[in-house]
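# Working through the structure, step by step
Spelled out, the chains give:
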Amino acid sequence: MKTVVALLWCAGAAVGAANARAQSAVGPEQAGPFGSLEIRDVTVIDGSGAPAFGPVNIYIKGNRIERVASVDAIARERREEPDAGAKETKQPDRVIEGKGLYVMPGLIDVHIHINQGKDVPAEYIYKLLLGHGVTTIRAFNVGRADPKGMVAEKKKIAANQIMAPRMYVYPFWGRDNDPRNSHAGGARQIVDEWHALGVDGIKIIGKPGLWPDVFHAIADEAQKNGMGVAVHIGQDGVYPMNAVKVASEGASTIEHHYGYPESSFTTQTIQNLPPGYNYSNEPDRFLETGRAWLEADEDRLHGEVLQSLLATMRKTGFIMVPTFSIYEANRDVTRAANLPWHSAFTLPVVMDSFLPNPAHHASYFYEWTSNKEADWARAYRRWMEFVNDYKNQGGVVAVGSDTGFLFSVWGFGTIRELEMLEEAGFSPLEALHAATENGAKVVKNPELGLLRPGYLADLVVLTENPLADMKVFYGNGVTRVSADRKEVHEQCVKYTIRDGVIFDAQALLGDVRGMVSKAKQPPLAPNKP
């Protein structure tokens, strides 16, 4: 398929070959490698948790935010006088007239799988993310690439050879069958080798990474190297490695909801499971992990467990990544399977991977009943109340979507996570703070997540106020209906700016729609002899 020109302009380093071809079609708007950009008369949500303010002008030089200046009558007059000679009057290489627009830091999604393959190109995933304003991701896999291959992808993105969000890589522990994965001495060796490659952190899911001695070795060596440790506390290792233990032992983040209810048990040490339960059977696994919340001691959960996690956070910088949105199908699978964007934005092969199939991970809805959904709905209430309480008492929570499974599609899942944080009790400012400054803390980059002079120019420009409605981020747009029943449909993400590179978000999403449309076309009949 012919790619729509989506890259408008680069203010930073020289772009790679693919992007350069796109940029060459832009014509006179194109700027050199040390260009400047001014975004005028916009309202800013700066990512710090502060309320929106404006109008302001944002000045970007190269890939950095140079300054943020309040707009006043004098500033406007100076800008309109080309011969004034003042520094403020120098015309930038590119201007975005932003009256009525909103600008905020780019969204940071810290739980992403790049599940690329023969029929799911990485381009499809990256364009969905950028089209939703996601400028940074923490990736746990890039297809089936090994750590070296993941680092290579990260470097290509950093060099602007690939149109994609900024990437941090955390390969899965134990997926390569290296015998060293299962003992402490070998674990330290592997962590050091990954660090030398340029890996940013380690993703642990169950054993062998959750063997207590192995986990301690991984976390300790990672801390020495300045690397992160993301932990999905699988049921195979949750005893004794519950959330309190894993956090105190050195996890930089805990993913999902596992390990928290188990930390609160008072009348048992291990979850009560049916006699026929088999962890390798996914319908069993995904039902019972939710039901663990129904066995939690809520007083202890909101008391001793929460206070222990807060103490660890203050000591180590531990961050909670709940990923509410990925499990939502468990409480209403019919809704998840019929989301309005599937028809235009979900590749047929991706949709097929969501449907019941024992051969596919997380495709377990062939025996999913109303009582199972009810249990998960009850679990969500307890889980959300716990995360909100943790946040209210000073805990740091970040945004991760885990998209690519359970009817959740890249980009859309990130925005749904913002909505679900609101459902949990976060204010809109708190939800956006989780997706900006808190996300930057997860990836350990103090120059991301805020719209602040000196910081990296990762921004998203919207035509509507996300504090009024997170749905304005959705790639399929929003439809408003007035009292006289007139409908107005709007696509609200206008530009996504990553590292000073401006992307036309709607062109990116148009590319994705084209990919999906093409994939749905019947194959051409063979020519008859």
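Since this is a predicted model, take the numbers as computed values, not measurements. (Residues numbered from 1 in each chain as written. Predicted model: local features only at pLDDT ≥ 70, side-chain atom pairs only at ≥ 80, totals over all residues. Heavy atoms only, no water.)

### Let's talk about helix α4 (residues 147-158)
Relative to the 16 Å expected for 12 residues at 1.5 Å per residue, α4 spans 17 Å between its end C-alpha atoms, a close match to the ideal helical length. Residues Pro 147, Met 150, Val 151, Glu 153, Lys 154 and Ile 157 constitute the buried set of α4. When α4 is viewed along its axis, its buried side chains cluster within an angular range of 155° and face the same direction. Along α4, exposed side chains directed more than 90 degrees from the buried face belong to Lys 148 and Lys 155. Buried residues in α4 make contact with α3 (122-131), β8 (134-142), β9 (166-169), α5 (184-197) and β17 (493-498). (Helix = DSSP H or I, 4+ residues; strand = E, 2+ residues; numbered from the N terminus. Expected span 1.5 Å × (residues − 1). Buried < 20%, exposed > 50% of the residue type's maximum accessible area, 1.4 Å probe, protein only. Arc of directions from axis to C-beta. Contact = heavy atoms within 4.5 Å.)

### Remarks on the pattern of salt bridges
Tallied over the full model, the rule gives 30 salt bridges. Across the salt bridge formed by Lys 127 and Asp 511, the nearest N and O atoms sit 2.4 Å from each other. Of the two residues, Lys 127 sits in helix α3 while Asp 511 sits in helix α18 (residues 505-520), which places them 384 residues apart along the sequence. Accessibility classification places Lys 127 together with Asp 511 in one group, the buried group. Lys 391 is the partner of Glu 430 in a salt bridge, and the nearest nitrogen-oxygen pair spans 2.8 Å. Of this pair, Glu 430 sits in helix α16 (residues 428-434) while Lys 391 sits in helix α14 (residues 370-392), and the two are 39 residues apart along the sequence. On the basis of relative accessible area, Glu 430 is assigned to the partly exposed category, the value being 31%. Here the salt bridges do not stand alone but share partners, grouping Glu 328, Arg 331, Arg 335, Arg 416, Glu 419, Glu 423 and Lys 471 into one network. (Salt bridge = Lys/Arg side-chain N within 4 Å of Asp/Glu carboxyl O.)

### As for the side chain of Glu 288
Topologically, Glu 288 is positioned in helix α9 (residues 282-291). Contact partners of Glu 288, with chain neighbours within four places excluded, come to Gln 235, Gln 271, Leu 273, Pro 274 and Tyr 277.

### Regarding the nonpolar core
In this structure, Ile 114, Tyr 124, Trp 173, Phe 215, Leu 418 and Phe 473 are the most contacted members of the largest nonpolar core, which totals 133 residues. The dominant element in this core, judged by the number of residues it contributes, is α14, at 8 residues. Discounting chain neighbours no more than four positions away, the residues touching Phe 215 are Ile 204, Gly 209, Leu 210, Val 229, Val 231, Met 241, Val 246, Glu 249, Gly 250 and Ala 251. Formed by 20 residues, the second largest nonpolar core is a distinct cluster that contains Val 44, Ile 96, Ala 457 and Val 461. (Core = buried A, V, L, I, M, F, W, Y, C linked by side-chain atoms within 4.5 Å.)

### Comments concerning the confidence of the model for the protein
Of the residues in the protein, 90% reach a pLDDT of 70 or more, and the chain-wide mean stands at 91. Within the model, the stretch residues 1-5 combines pLDDT values under 50 with 13 contacts to residues more than four positions away or in other chains. In the predicted structure, residues 11-34 sits below a pLDDT of 50 and forms 50 contacts with residues beyond four places in sequence or in another chain. (pLDDT = per-residue confidence, 0-100.)

### Digging into unusual backbone geometry
Put simply, Lys 207 and Pro 208 share a cis peptide bond, and its omega is 10°. Tracing the chain through its elements places Pro 208 in the loop between β10 (201-205) and α6 (212-224). Cis geometry is adopted by the peptide bond preceding Pro 240, which originates at Tyr 239 and carries an omega value of 10°. Residues other than glycine seldom take positive phi values, yet Asn 177 does so here, at roughly 60°. Phi is positive for Thr 323, close to 50°, though the residue is something other than glycine.

### Examining the side chain of His 113
Tracing the backbone through its elements, the reader meets His 113 in strand β7 (residues 107-114). Overall, the relative accessible area of 6% leaves His 113 in the buried class. Separated by 3.4 Å, the side chains of His 113 and His 111 make a polar contact. Beyond its immediate chain neighbours, meaning those up to four positions away, His 113 contacts Phe 140, Asn 141, Phe 172, Lys 203, Asp 402, Thr 403, Phe 405 and Trp 410. (Polar contact = N/O pair within 3.5 Å; in protein donor to acceptor, adjacent residues only side chain to side chain.)

### Focus: the sheet that holds β8
Working definition: the strands of a sheet are paired by backbone hydrogen bonds and lie parallel or antiparallel to each other. Judged by pairing direction, the sheet is parallel, and its 3 strands sit side by side in the order β7-β8-β9 without closing on themselves. At either end of the open sheet lies a strand with only one pairing partner, and these are β7 and β9. Within this sheet the neighbouring strands show an average axis-to-axis angle of 30°, counted without direction. Strand direction decides the pairing type here: β7 and β8, joined by 6 bridges, are parallel. Bridge assignment links Ile 112 to a residue of β8, and that residue is Ala 139. Across the sheet, α4 is in contact with β8 and β9; its angle to β9 comes to roughly 160°. (Pairing = 2+ DSSP bridges. Axes fitted to C-alpha atoms, helices over the stretch in contact; angles between N-to-C directions.)

### Regarding α5
With 14 residues, α5 should reach 20 Å at 1.5 Å per residue; the first-to-last C-alpha distance of 20 Å fits that figure. Of all the residues in α5, the buried ones are Gly 186, Ala 187, Ile 190, Val 191 and Trp 194. The buried residues of α5 occupy one face: seen down the axis, they fall within an arc of 140°. Against α4, β10 and α6 lie the buried residues of α5. Positive phi shows up at Gly 198, right after α5, with a value of about 110°.

### Let's talk about the packing of aromatic side chains
Applying the stated criterion across every chain, the model contains 23 aromatic pairs. When the centroid spacing of 6.2 Å and the interplanar angle of 70° are considered together, the rings of Phe 140 and Tyr 170 count as edge-to-face. One end of the pair, Phe 140, is in strand β8; the other, Tyr 170, is in the loop between β9 and α5, and 30 residues separate them in sequence. Of the two residues, Phe 140 and Tyr 170, neither departs from the other in class, the shared state being buried. A connected cluster of aromatic rings, assembled from ring pairs, spans Tyr 258, Phe 286, Phe 324, Tyr 327, Phe 354, Tyr 364, Phe 365, Trp 368, Trp 376, Tyr 380, Trp 383 and Phe 407. Against the face of Tyr 59 rests Arg 67, its NZ or CZ located 3.9 Å from the ring centre. Between Lys 391 and the ring centre of Phe 426, over which it is positioned, the NZ or CZ distance is 4.7 Å. (Phe/Tyr/Trp six-rings, centres within 6.5 Å; stacked < 30°, edge-to-face > 60°. Lys NZ or Arg CZ within 6 Å of the ring centre and 35° of its normal.)

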